[in-house]
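Understanding the architecture of this molecule
Each chain, written out:
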Amino acid sequence: DQQVKQNSPSLSVQEGRISILNCDYTNSMFDYFLWYKKYPAEGPTFLISISSIKDKNEDGRFTVFLNKSAKHLSLHIVPSQPGDSAVYFCAASVYSGTYKYIFGTGTRLKVLA
Amino acid sequence: SQTIHQWPATLVQPVGSPLSLECTVEGTSNPNLYWYRQAAGRGLQLLFYSIGIGQISSEVPQNLSASRPQDRQFILSSKKLLLSDSGFYLCAWTRGDEQFFGPGTRLTVL
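Because the structure is a prediction, the values reported are computed rather than measured. (Residues numbered from 1 in each chain as written. Chains lettered and ligands numbered in written order. Predicted model: local features only at pLDDT ≥ 70, side-chain atom pairs only at ≥ 80, totals over all residues. Heavy atoms only, no water.)

Quick look at the sheet that holds strand β7 (residues 65-70) of chain B
Residue and element names in this part refer to chain B. This is how it is decided: Think of it this way: DSSP has to see at least two bridges between two strands before they count as a pair. Each helix is a run of H or I in the DSSP string that is no shorter than four residues. Each strand is a run of E no shorter than two, and both are numbered from the N terminus. Angular values range over 0 to 180 degrees, each being the angle between N-to-C directions of two axes fitted as lines to C-alpha atoms, with helices fitted over their stretch in contact.
Sheet architecture is open: four strands sit in the order β1-β3-β8-β7, paired in antiparallel fashion. Bordering the open sheet on either side are β1 (3-7) and β7, each of which pairs with just one other strand. Geometrically, the sheet is characterised by an average inter-axis angle of 20 degrees between neighbouring strands, direction not taken into account.

Have a look at this one:
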């Protein structure tokens, strides 16, 4: 049972345009959401996060939106740059003695120059 | 600053051979530690987590085991590898709500 889903395995965007990566979850107990960026053969690097008490968090070119009623979050990258090409994972956490993180399957973003 | 190390970076092992992957964290004490696996075409699957020395929680039944002999050391092991154990293994630690990953180990079982 996949509690965190990224239904688009890949996305191609022109340089300078907006990239929108989507993520859906099923567990209403999740209280913190994160986006990671991953290059091949490297560990994921933290990008941006959002608490369940917020609906938007912005950091430079990256904005994460959370719609709790729809159990949906999205990552917007504006403007997209070729260096943004990577696999993006969304993750949700729930506290159960310690924080446990459930990851989606990832979306491969390709930004075309 | 905190740093997380994993070794080896890559490993090719025959089916039925043992496995030992090591993860160490520097610059923090009593971290919560995690092992994940990324298999081809799949997301990051949580395998084990540990909140302290000798305390291991397993998330999925499998051919692997984990141990935490020291506060900042987390080891992933197997007595006999299967082909399905191939993947990219990641160690991670948490600071508050955020999780930070090591560089990973690419394991290929032949």
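Anyway, onward from the coordinates.
Remarks on a nonpolar patch on the surface
The line we're drawing: Like charges are joined within 9 Å and nonpolar side chains (Val, Leu, Ile, Met, Phe, Trp, Tyr) within 5 Å, but only among residues with over 30% relative accessible area and no salt bridge; these make up the patches. Per-residue and other accessible areas were derived by the Shrake-Rupley procedure at a 1.4 Å probe size, with only the shown protein chains allowed to occlude residues. By convention in these notes, a salt bridge is any Lys or Arg side-chain nitrogen within 4 Å of a carboxyl oxygen on Asp or Glu.
A cluster of nonpolar side chains, namely I18, I20 and V78 of chain A, defines an oily patch on the protein surface of about 230 Å² accessible area. Within the fold, V78 of chain A resides in the loop between β8 (72-77) and β9 (86-95).

Some points on the layout of surface pockets
Just so we agree on the cut-off: Grid points spaced at 1 Å over the protein atoms alone were grouped into cavities, where a 1.4 Å probe fits but cannot get out, and pockets, open sets with protein on both sides within 12 Å along at least five of seven lines, with lining residues defined by an atom within 4 Å of a point. Grid points are joined across faces, edges and corners, and a volume is the space filled by probe spheres set on the points. Following the grouping adopted for this structure description, the nonpolar residues are Ala, Val, Leu, Ile, Met, Phe, Trp, Tyr, Cys and Pro, the charged ones are Asp, Glu, Lys and Arg, and the polar ones are all others, Gly among them.
Taken as a whole, the largest pocket encloses approximately 490 Å³ of empty space. Secondary-structure elements contributing two or more residues to the lining of the largest pocket are β10 (99-103) of chain A together with β4 (33-38) and β5 (44-52) of chain B. Per-element tally for the lining of the largest pocket: the top contributor is β10 of chain A, with four residues. Counted by class, the lining of the largest pocket contains ten nonpolar, six polar and five charged residues.

A word on the pattern of salt bridges
In plain terms, the rule: A 1.4 Å probe rolled over the protein chains alone gives each residue an accessible area, and that area as a share of the maximum for its type sets the label: buried under 20%, exposed over 50%, partly exposed in between.
Summed over all chains, the structure comprises four salt bridges over all chains. The residue K100 of chain A makes a salt bridge to E59 of chain B at a minimum N-O spacing of 3.2 Å. Here K100 of chain A is found in strand β10, whereas its partner E59 of chain B is found in the loop between β6 (55-58) and β7 on a different chain. Under the relative-accessibility criterion, K100 of chain A is labelled buried at 17%. In this structure, the salt-bridge partner of D85 of chain B is R37 of chain B, at a minimum N-O distance of 3.7 Å. Here D85 of chain B, found in the loop between β8 (73-78) and β9 (87-95), pairs with R37 of chain B, found in strand β4; they are 48 residues apart in sequence, far enough to count as distant.

Examining the interface of chain B and chain A
Which entries qualify depends on this criterion: Residue contacts are counted whenever heavy atoms from the two residues lie within 4.5 Å of one another. Put simply, buried area is the surface a 1.4 Å probe can reach on two separate parts but cannot reach once they are joined, added for both. Polar contacts, as used here, are pairs of N or O atoms within 3.5 Å; protein pairs need one atom able to donate a hydrogen and one able to accept it. Residues neighboring in sequence count only if both atoms are side-chain atoms.
Residue-level contacts link 22 residues of chain B with 19 residues of chain A. The contact between chain B and chain A buries some 1,700 Å² in all, and 57% of this surface belongs to carbon and sulfur atoms. Here chain B and chain A share one salt bridge between them. Across the chain B-chain A interface, the total number found is four residue pairs in polar contact (both at pLDDT 80 or more). Looking at the side of chain B that touches chain A, the elements with two or more residues in it are β4, β5, β9 and β10 (98-101) of chain B. Residue composition of the side of chain B that touches chain A, by class: eleven nonpolar, seven polar and four charged.

Quick notes on the nonpolar core
Our working rule: Nonpolar cores were defined as sets of buried Ala, Val, Leu, Ile, Met, Phe, Trp, Tyr and Cys residues, with membership established by side-chain atoms within 4.5 Å.
Counting residues in each nonpolar core, the largest one holds 24 residues, and the members touching the most others are F33, W35, L73, L75 and Y88 of chain A. Secondary structure elements with two or more residues in this core: β3 (19-25), β4 (32-38), β5 (45-51), β7 (62-67), β8, β9 and β11 (107-112) of chain A. Counting residues per element, this core draws most heavily on β9 of chain A, at five residues. Counting residues in each nonpolar core, the second largest holds 19 residues, with L19, V25, L33 and Y89 of chain B among its members.

Some remarks on the sheet that holds strand β1 (residues 4-5) of chain A
All names here are of chain A. Spatial strand order, β1-β3-β8-β7-β6: five strands in an open sheet with antiparallel pairing. Strands at the two margins of the open sheet, each flanked by one partner only, are β1 and β6 (56-59). Here two bridges tie β1 to β3, and the two strands are oriented antiparallel to one another. Paired with V4 across the two strands is Y25, which belongs to β3.

A look at the state of the cysteines
Residue and element names in this part refer to chain A. Rule in force here: Note that a disulfide, as used here, is simply two cysteine sulfur atoms within 2.5 Å.
For the structure shown, the criterion picks out two disulfides over all chains. C23 shares a disulfide with C90; S-S distance 1.9 Å. Residues C23 and C90 are joined through a disulfide that is right-handed, its torsion about the S-S bond being 60 degrees. Here C23 is found in strand β3, whereas its partner C90 is found in strand β9, with 67 residues between them in sequence. On the basis of relative accessibility, which here comes to 0%, the residue C90 falls in the buried class.

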